[in-house]
Amino acid sequence: MDDLPPLRPREREVLALMAQGCSNAEVAARLHLSAAAVEKHVSGVFTKLGLPPGTSGNRRVLAVLRYLGHSGHP
(Lines give C-alpha, C1' and ligand atoms only; values in the text may rest on other atoms or scores of the structure.)
Protein backbone atom coordinates (compact mmCIF):
# COMPACT_ATOMS: atom_id res chain seq x y z
CA MET A 1 0.00 0.00 0.00
CA ASP A 2 2.96 2.31 -0.48
CA ASP A 3 1.19 4.40 -3.14
CA LEU A 4 -1.78 5.14 -0.91
CA PRO A 5 -1.78 8.53 0.78
CA PRO A 6 -0.73 8.46 4.41
CA LEU A 7 -3.60 7.05 6.40
CA ARG A 8 -3.70 6.92 10.17
CA PRO A 9 -3.31 3.42 11.61
CA ARG A 10 -7.00 3.31 12.59
CA GLU A 11 -8.03 4.46 9.09
CA ARG A 12 -5.98 1.61 7.64
CA GLU A 13 -7.70 -0.85 10.00
CA VAL A 14 -11.11 0.47 9.00
CA LEU A 15 -10.25 0.31 5.29
CA ALA A 16 -8.94 -3.26 5.66
CA LEU A 17 -12.22 -4.31 7.31
CA MET A 18 -14.18 -2.53 4.58
CA ALA A 19 -12.19 -4.57 2.06
CA GLN A 20 -13.32 -7.72 3.90
CA GLY A 21 -16.91 -6.64 3.28
CA CYS A 22 -17.69 -5.33 6.76
CA SER A 23 -20.40 -2.74 7.20
CA ASN A 24 -19.78 0.27 9.43
CA ALA A 25 -21.68 -1.50 12.23
CA GLU A 26 -19.45 -4.57 11.87
CA VAL A 27 -16.32 -2.41 11.84
CA ALA A 28 -17.53 -0.68 15.02
CA ALA A 29 -18.14 -4.01 16.75
CA ARG A 30 -14.79 -5.52 15.72
CA LEU A 31 -12.76 -2.46 16.71
CA HIS A 32 -14.86 -1.61 19.77
CA LEU A 33 -15.70 1.85 18.41
CA SER A 34 -18.86 3.90 18.28
CA ALA A 35 -20.75 4.23 15.01
CA ALA A 36 -19.81 7.92 14.94
CA ALA A 37 -16.10 7.10 15.30
CA VAL A 38 -16.27 4.65 12.40
CA GLU A 39 -18.05 7.23 10.24
CA LYS A 40 -15.29 9.72 11.07
CA HIS A 41 -12.58 7.25 10.05
CA VAL A 42 -14.40 6.27 6.85
CA SER A 43 -14.80 9.95 5.98
CA GLY A 44 -11.08 10.47 6.56
CA VAL A 45 -10.28 7.56 4.25
CA PHE A 46 -12.53 8.99 1.53
CA THR A 47 -10.97 12.43 1.86
CA LYS A 48 -7.38 11.17 1.78
CA LEU A 49 -8.13 8.95 -1.23
CA GLY A 50 -9.63 11.92 -3.08
CA LEU A 51 -13.17 10.54 -3.10
CA PRO A 52 -15.38 13.53 -2.24
CA PRO A 53 -19.16 13.31 -2.00
CA GLY A 54 -20.66 13.22 -5.45
CA THR A 55 -17.83 11.10 -6.85
CA SER A 56 -19.28 8.97 -9.60
CA GLY A 57 -19.53 5.42 -8.37
CA ASN A 58 -19.76 4.15 -4.85
CA ARG A 59 -17.01 5.74 -2.74
CA ARG A 60 -16.81 2.69 -0.49
CA VAL A 61 -16.22 0.38 -3.45
CA LEU A 62 -13.71 2.77 -5.02
CA ALA A 63 -11.77 3.02 -1.74
CA VAL A 64 -11.67 -0.77 -1.37
CA LEU A 65 -10.54 -1.24 -4.97
CA ARG A 66 -7.72 1.22 -4.44
CA TYR A 67 -6.73 -0.54 -1.21
CA LEU A 68 -6.75 -3.95 -2.88
CA GLY A 69 -4.78 -2.65 -5.84
CA HIS A 70 -2.00 -1.46 -3.54
CA SER A 71 -1.96 -4.30 -1.06
CA GLY A 72 -1.01 -7.11 -3.40
CA HIS A 73 -4.46 -8.71 -3.57
CA PRO A 74 -5.62 -9.91 -6.99
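Thresholds applied
- Residues numbered from 1 in each chain as written.
- Predicted model: local features only at pLDDT ≥ 70, side-chain atom pairs only at ≥ 80, totals over all residues.
- Heavy atoms only, no water.
- Core = buried A, V, L, I, M, F, W, Y, C linked by side-chain atoms within 4.5 Å.
- Buried < 20%, exposed > 50% of the residue type's maximum accessible area, 1.4 Å probe, protein only.
- Helix = DSSP H or I, 4+ residues; strand = E, 2+ residues; numbered from the N terminus.
- Contact = heavy atoms within 4.5 Å.
- pLDDT = per-residue confidence, 0-100.
- Salt bridge = Lys/Arg side-chain N within 4 Å of Asp/Glu carboxyl O.
- Patch = residues over 30% accessible without salt bridge, like charges linked within 9 Å, V, L, I, M, F, W, Y side chains within 5 Å.
- Areas by Shrake-Rupley, 256 points an atom, 1.4 Å probe, with all protein chains shown as cover.
- Axes fitted to C-alpha atoms, helices over the stretch in contact; angles between N-to-C directions.
- Parallel < 35°, antiparallel > 145°, perpendicular 65-115°, else oblique.
- Nonpolar A, V, L, I, M, F, W, Y, C, P; charged D, E, K, R; others polar.

Further remarks concern the nonpolar core. Of all hydrophobic cores here, the largest spans 20 residues; its most connected members are Leu15, Met18, Val27 and Ala63. Listed by contribution, the elements that provide at least two residues to this core are helix H1 (9–19), helix H2 (24–31), helix H3 (35–48) and helix H4 (59–70). Top element by residues in this core is H1. It accounts for 5 residues. The residues touching valine 27, leaving out its near neighbours within four places in the chain, are Val14, Leu17, Cys22 and Val38.

Here the focus is the confidence of the model for the chain. Taken as a whole, the chain shows an average pLDDT of 89; of its residues, 91% reach a score of 70 or greater. Model confidence for the chain, summarised as mean pLDDT per element, is weakest for H4 at 90 and strongest for H2 at 98.

This next bit is on the pattern of salt bridges. In the structure shown here, the tally under the stated rule is 2 salt bridges. Where arginine 10 meets glutamate 13, a salt bridge forms, and the shortest distance between an N and an O atom there is 3.1 Å. Linking arginine 10 with glutamate 13, this pair stays in helix H1, spanning 3 residues, or about one helical turn. Of the charged contacts, one joins glutamate 11 and lysine 48 as a salt bridge, the two residues approaching to 2.8 Å between their closest N and O atoms. With a gap of 37 residues between them, glutamate 11 in helix H1 and lysine 48 in helix H3 connect regions that are remote in the sequence. With a relative accessible area of 4%, glutamate 11 lands in the buried category.

Here we take up a nonpolar patch on the surface. A contiguous nonpolar surface patch, about 250 Å² in accessible area, is contributed by Val61, Leu62 and Leu65. Within the secondary structure layout, leucine 62 lies in helix H4.

Quick look at the packing of H1 against H4 now. Running from N to C, H1 and H4 cross one another at 100°; their axes reach a closest spacing of 9 Å. What the angle tells us is that H1 and H4 run roughly perpendicular. For the pair H1 and H4, the contacting residues are Leu15, Ala16, Met18 and Ala19 in the first and Arg60, Ala63, Val64, Tyr67 and Leu68 in the second. Per-class residue counts for the contact of H1 with H4 are 8 nonpolar, no polar and 1 charged.

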